[in-house]
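Overview (structure and organization)
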Amino acid sequence: MKNRKIKVICSAAALLCCTALTLSGCGVFLLNNPSNDKNPATTDTQTLEPKSDFDVVQNSYSKQITRFKMDLSKEKYGGASVKIASTKSNTIVPDEAVSTTLSQELQRRNKYVEELLNVSISAVQVDGQTMLDEMQAAVRAGAYYADLVEFPQSYISIYGNAGVLMNLQSLPGLQFDAEYFNPTGTSAGTGGDMIYALAGYASLNPDSLSAVFFNKGLMDQLQMESPYALVDRGEWTMDKYLEYAAALSSLDGGYYSYAAQNTATYLPDLLFFSGGQRLTHSARGAYPYINFNAEDTLDLFAKMSAIVYDDNAYGNAISGISAFNEGNTLFLIDRLDVMPIITNSSVEWGVLPLPKYSTEQETYVSLAYYEDAMFFGAVPTISDVQKASDVLMALNMSSYGLTPDAQVKNSAYLYLRDNDSIRMLDIVLKSAAYDFAYTFANSNNAIPSATFSAVRNTTGGISSLQRYLDMWGTRFENAMYQLFPVS
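Residues numbered from 1 in each chain as written. Predicted model: local features only at pLDDT ≥ 70, side-chain atom pairs only at ≥ 80, totals over all residues. Heavy atoms only, no water.

**Topic: the overall build of the protein chain**
Quick reminder of the rule: Numbered from the N terminus, helices here are DSSP runs of H or I no shorter than four residues, and strands are runs of E no shorter than two. Burial classes follow relative accessibility: with a 1.4 Å probe on protein chains only, a residue under 20% of its type's maximum area counts as buried, one over 50% as exposed, and anything between as partly exposed. Residues count as neighbours in contact if any of their non-hydrogen atoms are within 4.5 Å of one another. Note on areas: these come from Shrake-Rupley sampling with a 1.4 Å probe, and a residue is covered only by the protein chains present in the view.
When you go through the protein chain residue by residue, the secondary structure sums to 20 helices and 16 strands. Counting every position in the protein chain, which comprises 487 residues, the buried fraction comes to 56%. At a minimum sequence separation of 6, the contacts of the protein chain that also span at least 24 residues come to 82%. As presented, the protein chain carries roughly 19,300 Å² of accessible surface, and 50% of it is formed by carbon and sulfur atoms.

Next up, the structure:
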């Protein structure tokens, strides 16, 4: 597919302004151009056009951020220091390992927050176990540890059970329901009266999200409508995906429909969420509950099974990425962190969000992998709860829209092959979803058994979803009563 021509022209001076510390995003995307553009999946010797076209993205979030600032207190902190301990600290304060594009965005955000609140932000890198040990020591001694902590979703229950996370409801004025926090992230970090952690634009980790990568050469040979156009019309559905996969049999060459490597074990979960479902719902002051039923998901599971257990799927999860790189599969369903691996592939590839269940479904959804999804929390011994509250809100409101825009721009510079993929990646990054079931899966075996294990085994035909709900539903409810106090 040919690249779209320039829509907006920015001078060099304008580009410098756009990368300055502003509340608007502007970027010129020069797409990745591998040295070998020949797609081994094509049978002719066509000369591919050089990737010299640009797409300029100009988004302004100034009005939203100006409105968001009303959530902050009127406190000014006189240049006070703000320490954030993180297992991924260079997403708070960039270091030399962070690309120029993302580094500029993080510097802009931090400077904006520092000037807004009159604070000085620093970050320290700590691995998950060390963070736990240090927080426990601080709590025992009643000593300050950090103003905020940032860690993967999988650590929330560990830290919560250890008593080192404060109830974020104790932070004065914190607006949990604000647009700059992800509502499913807040739900995923909540149990009964406790909000242990939450996710927002400042904690968004692209590597935790998944997408559908596709072989453009094979797609062209199928002579079917571009999937990009389907996404734009809201018609990229599981049925359409299955149509493309079925049509592949018409091509000579023994191609596979899809491969999945990093996502192989939880591919049914990804499709369950992309199909518009959630496993659980957890709200402040209430017991979490299972958020789906067997009857309403019968057709969804039929589509999920057809996708996951396609007879023509590539069967070796260990080498799924290599199979796609070598041009042997039409699709690769995997996390976004595969882009550096496939960036120099001779296969011309594009990016799509995971397909919806139907055209009636409003949005595309990408489930965040719990080992990489990042959340913010706070230790009970913080010295200034108002400062922590303001900084947590300011970081996320000043990242609103701008952080994913910078992440898309970075991928466009380094990895992507066409301008349509830029729009698709933007959809993926702005459709992240989280779930309580993954946060507290290790707290009681009824939680995984009644939720994602049930989804995976039902997709595999091991048993029916209703049977899992009958077996584990009541145990799940009892576990909620035991684990989470509700006043």
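**Here's the deal with the packing of helix α3 (residues 100-117) against helix α14 (residues 385-397)**
Heads up, the rule is: Lines fitted to the C-alpha atoms define the axes, with helices restricted to the stretch that makes contact. Angles between their N-to-C directions range from 0 to 180 degrees. For this classification, under 35 degrees means roughly parallel, over 145 means roughly antiparallel, 65 to 115 means roughly perpendicular, and everything else is oblique. Two helices crossing with the near one rotated counterclockwise from the far one by less than a right angle form a left-handed crossing, whereas a clockwise rotation gives a right-handed crossing. The classification used treats Ala, Val, Leu, Ile, Met, Phe, Trp, Tyr, Cys and Pro as nonpolar, Asp, Glu, Lys and Arg as charged, and all other residues, Gly among them, as polar.
Remark: α3 packs on α14, axes separated minimally by 9 Å, with the N-to-C direction vectors making an angle of 140 degrees. The orientation of α3 relative to α14 falls into the category oblique. In the crossing of α3 with α14, the sense of the turn from one axis to the other is right-handed. Contacts from R109, N110, V113, L116 and L117 of α3 reach α14 at D390, V391, A394 and L395. When grouped by side-chain class, the residues that make up the contact of α3 with α14 number 6 nonpolar, 1 polar and 2 charged.

**What to know about the sheet that holds strand β4 (residues 119-125)**
Cut-off, in case you're wondering: At least two DSSP bridges between two strands are needed for those strands to be called paired.
If you trace the 4 strands from one edge of the open sheet to the other, you get β4-β3-β5-β15, paired in mixed fashion. For this open sheet the edge positions go to β4 and β15 (374-377), each flanked by a neighbour on one side alone. On average, adjacent strands in this sheet sit at an angle of 25 degrees to one another, irrespective of strand direction. The pairing of strand β3 (residues 80-86) with β4 spans 7 bridges and is classified as parallel. Among the inter-strand pairings, K83 is bridged to a residue of β4, identified as S122.

**A few points about the environment of E150**
In this fold, E150 is placed in strand β5 (residues 148-152). For the pair formed by E150 and I92, sequence separation is 58 residues and the distance between their alpha carbons is 9.3 Å. The contacts of E150, once residues within four sequence positions are left out, are A85, S86, T87, K88, T91, I92, M131, A202, S203, M374, F375 and F376.

**Describing the sheet that holds strand β9 (residues 256-259)**
The strand order across the open sheet built from 4 strands is β9-β12-β8-β13, with neighbouring strands paired in mixed fashion. For this open sheet the edge positions go to β9 and β13 (349-352), each flanked by a neighbour on one side alone. In this sheet, adjacent strand axes meet at a mean angle of 20 degrees when their direction is disregarded. Along the sheet face, helix α9 (residues 238-247) touches β9 and β12 (329-335) and points at about 140 degrees away from the line of β12. Contacts from helix α16 (residues 419-429) reach β8 (210-215) and β13 within the one sheet, and its direction differs from that of β13 by about 35 degrees.

**Considerations on unusual backbone geometry**
The phi dihedral of N118 falls on the positive side, at around 60 degrees, and the residue is not glycine. Note on placement: N118 falls in the loop between α3 and β4. Classification of N118 as partly exposed rests on a relative accessible area of 36%. The backbone of Q223 shows a phi angle near 55 degrees, a positive value even though the residue is not glycine. The residue Q223 is located in the loop between α7 (216-222) and α8 (227-232) in this model.

**Brief notes about the nonpolar core**
Within soluble globular proteins, side chains that are nonpolar generally end up buried alongside one another. Selection rule: Buried Ala, Val, Leu, Ile, Met, Phe, Trp, Tyr and Cys residues form a nonpolar core when they are joined through side-chain atoms within 4.5 Å.
With 110 residues, the main nonpolar core has Y145, V149, F213 and F331 as its most contacted residues. The leading source of residues in this core is helix α20 (residues 465-483), at 7 residues. Those residues within four positions of F331 in sequence are excluded, and the remaining contacts are V212, F213, F214, M219, W236, Y241, Y244, S257, Y258, A259 and F324.

**What about the pairing of β5?**
Most of β5 sits inside the fold, with 5 of its 5 residues counted as buried. Pairing analysis gives 3 bridges linking β3 to β5, with the strands arranged parallel. If you follow A85 over to β5, its bridge partner there is V149. Summarising the sheet, β5 and β15 pair through 4 bridges and their orientation is antiparallel. Bridged to E150 within β15 is F376.

**Some details on the pattern of salt bridges**
The condition that has to hold: The term salt bridge refers to a pairing of a side-chain nitrogen on Lys or Arg with a carboxyl oxygen on Asp or Glu at a separation within 4 Å.
Overall, the coordinates contain 18 salt bridges when judged by the stated rule. Among the ionic pairs, D337 bridges to R335, the shortest N-O distance being 3.7 Å. Its salt-bridge partner being E348, residue R417 comes within 2.9 Å of it at the nearest N-O pair. Placement of R417 in the loop between α15 (402-414) and α16 and of E348 in the loop between α13 (339-342) and β13 is noted, with a sequence separation of 69 residues between them. Considered together, R417 and E348 belong to a single accessibility category, that of buried residues. Each of E225, R233 and E235 takes part in salt bridges that share partners, so that together they form one network.

**Digging into the confidence of the model for the protein chain**
Worth spelling out the cut-off: The quantity known as pLDDT measures the predictor's confidence residue by residue, on a range of 0 to 100.
The predicted model of the protein chain has a mean per-residue pLDDT of 90, with 88% of residues at 70 or higher. For residues 1-22, every residue scores under 50 in pLDDT, and the model assigns this stretch 41 contacts once sequence neighbours within four places are set aside. Here residues 35-52 is a poorly scored stretch, pLDDT under 50, and it has 35 contacts once near neighbours within four places are set aside; other chains count.

**Overview of the packing of α15 against α16**
The relative placement of two packed helices comes down to the angle between their axes together with the axis-to-axis distance. Running from N to C, α15 and α16 point in directions that differ by 140 degrees, and their axes come no closer than 10 Å. Judged on the interaxial angle alone, α16 and α15 are oblique. Here the hand of the crossing between α15 and α16 comes out right-handed. In contact with P404, D405, Q407, V408, S411 and A412 of α15, α16 contributes I422, L425, D426 and L429. In the contact of α15 with α16, the residues fall into 6 nonpolar, 2 polar and 2 charged.

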